[in-house]
Amino acid sequence: MPSEAKFEGWLQGVNDILRADELPADTLRRSVNYVITDTGKIQRRRGSAKVYNGSIQRDSLYSDPTRTLFVESGHLKELRRDIAGAYSAALVRLDVGTSPMAYVNINNSIHYSNGIITGIVGPDCEDWKWGVSSPGTQPNAEAGGSGDLAAGTYQVAITFINERREESGTGLAVVVAIPESSDGVGSITLTDFPPAPSDVQFIRIYISHVNGEGLYRVTDVLPGLPLYRINQVSNTATFRLETQFGMEPPPGRLLEYHNGRVYIANGSVLWCTQPLRYGLTKPAMDFFQFPDVIDVLKAVDSGIYVCSGDKTYYIEGIDTANLGQDVILPYGGVYDTGIRIPNYDAVAWFSHRGIVMGGEGGRVTNIMDDRVAVAQYKRGTMFWREH
């Protein structure tokens, strides 16, 4: 006659590596749609309630405690709730395509990209351009008289300023020579300003000191101005041009925020914006190169985890003299499974050996490797639920 077995719970969770006849009594072979409690008991997962009836595109859903975004029929939308509790979808942007969408929330402005397009969803569902287009050329600059500029060479450049006071990059400055004259002084007249995009509110003019290298702000003028004459350079100028050779951020498949920069994974390149200038990237310096496509990108306070190909990397000391990059795992991650764990400075993702948790200093823990064998998935999603 079969002997009776008393089950006190399944504290060890699931194990599909051991043979069925070798499983300890506190281990499950398989569990689907059940929650294992701290005492080892199992409970059915909670149900769900439909709040919006639509065809939400897979790989496009974003949600935080206050906002929810998704793509439906190729259009970016935000889920809104009125005072009566009814839900509806507000259109943010038409025709964003059907590629998977990545998001990062910075001060309630949600930056998004799907590897093809980029943008920002403002706090009130505004559709903003991410970054400011740089001037295609510098204005025409000619030396003249009737000014206070000493004889010598000057550099002149312009940038665009949008309605949110973000500043564009700019290219190589134009060089103008003020010749020697009887009174020894002159001016520079700027004409043929390049056309400004519709979101540009001002054109900012910069000039160097005589025979100098740094450029300093002269003034802001309205787009469409036919000419502007520079008569003098202030000796107390402190607003130096800091965006030269910068450009608006490129599109990417994954987005993350860390220590004042936005990080953008595009293929095997990890781009980043300038510190506290989320709409500006300097492509000659703001990047990390990896050997394969980046599939996971998550940050903690001390650094950034990157899964690329068959390895997992940890980057630390960014913007310091101690910048370092190390391989911390000999396997990679499943695309788009990276999550942040609320109330902890920790992240997690689904790797090719199960769930990995990453903490400060590159310390990682695989919580499934010794108990669960997983398939080699190409893409997925994860979420953190406290119960």
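Above this note sits the structure.
Small disclaimer: the values here were computed from a predicted structure and weren't measured.

## Thoughts on the overall build of the chain
When helices and strands are tallied, the chain shows zero helices and 29 strands. For 387 residues, the compact-globule estimate of 2.2 N^0.38 gives 21 Å, and the C-alpha radius of gyration of the chain, at 28 Å, exceeds that figure by more than 25%. Across the 387 residues of the chain, 43% fall into the buried class. Taking contacts inside the chain between residues at least 6 apart in sequence as the whole, the part at least 24 apart equals 54%. Here the chain contributes 35 positive and 44 negative side-chain charges, whose respective centroids are spaced 8 Å apart.

## Section: the pattern of salt bridges
A complete count under the given rule lists 19 salt bridges for this structure. For Glu167, the salt bridge goes to Arg204, with nearest N and O atoms at 3.7 Å. Pair noted here: Glu167 is in the loop between strand 12 (152–162) and strand 13 (174–178) and Arg204 is in strand 15 (residues 200–208), with a separation of 37 residues, a long-range link. The exposure classification of Glu167 matches that of Arg204, with both residues buried. Of the charged contacts in the structure, one is a salt bridge between Arg371 and Asp370, with a shortest N-O distance of 4.0 Å.

## Examining unusual backbone geometry
Unlike most non-glycine residues, Asp95 shows phi in positive territory, near 55°. With respect to the helices and strands, Asp95 occurs in the loop between strand 6 (87–93) and strand 7 (102–106). Positioned with a positive phi, Asp319 is a non-glycine residue whose angle comes to about 70°. Tracing the backbone shows Asp319 in the loop between strand 24 (311–316) and strand 25 (324–329).

## Structural notes on the pairing of strand 15
Along any regular strand, the residues point their side chains to alternate faces of the sheet. The element strand 15 is extensively covered by neighbouring structure, given that seven of its nine residues are classed as buried. In terms of strand pairing, strand 12 meets strand 15 through seven bridges, oriented antiparallel. Opposite Ala157, over in strand 15, you have Tyr206 as the bridge partner. As paired strands, strand 15 and strand 16 (residues 215–221) are joined by six bridges and run antiparallel to one another.

## Some details on the nonpolar core
Among the nonpolar cores identified, the biggest contains 19 residues, and Tyr154, Ile188, Leu190, Ile205 and Ile207 are the most heavily contacted of them. Among the elements of the structure, strand 11 (140–150), strand 12, strand 13, strand 14 (185–191) and strand 15 are those that each provide at least two residues to this core. Dropping the residues within four chain positions of it, Ile205 is found in contact with Ala157, Ile158, Leu190, Phe193, Tyr216, Arg217, Val218, Thr219, Val221, Tyr228 and Ile230. Formed by 16 residues, the second largest nonpolar core is a distinct cluster that contains Leu270, Phe290, Ile315 and Tyr335.

## Focus on the state of the cysteines
Taken as a whole and assessed by the stated rule, the structure comprises zero disulfides. There is no disulfide at Cys307, and the cysteine sulfur nearest it, in Cys272, is 19 Å away. Judged by relative accessible area, Cys307 falls into the buried class, the value being 1%.

## Quick word on a nonpolar patch on the surface
A cluster of nonpolar side chains, namely Tyr34, Ile36 and Ile42, defines an oily patch on the protein surface of about 220 Å² accessible area. Checked against the element boundaries, Ile42 lands in strand 2 (residues 42–44). When its relative accessible area of 37% is taken as the criterion, Ile42 is described as partly exposed.

Conventions adopted
- Residues numbered from 1 in each chain as written.
- Predicted model: local features only at pLDDT ≥ 70, side-chain atom pairs only at ≥ 80, totals over all residues.
- Heavy atoms only, no water.
- Helix = DSSP H or I, 4+ residues; strand = E, 2+ residues; numbered from the N terminus.
- Rg over C-alpha atoms; globule rule 2.2 N^0.38 Å.
- Buried < 20%, exposed > 50% of the residue type's maximum accessible area, 1.4 Å probe, protein only.
- Contact = heavy atoms within 4.5 Å.
- Lys, Arg positive; Asp, Glu negative; His and termini not counted.
- Charge placed at Lys NZ, Arg CZ, Asp CG, Glu CD.
- Salt bridge = Lys/Arg side-chain N within 4 Å of Asp/Glu carboxyl O.
- Pairing = 2+ DSSP bridges.
- Core = buried A, V, L, I, M, F, W, Y, C linked by side-chain atoms within 4.5 Å.
- Disulfide = S-S within 2.5 Å.
- Patch = residues over 30% accessible without salt bridge, like charges linked within 9 Å, V, L, I, M, F, W, Y side chains within 5 Å.
- Areas by Shrake-Rupley, 256 points an atom, 1.4 Å probe, with all protein chains shown as cover.

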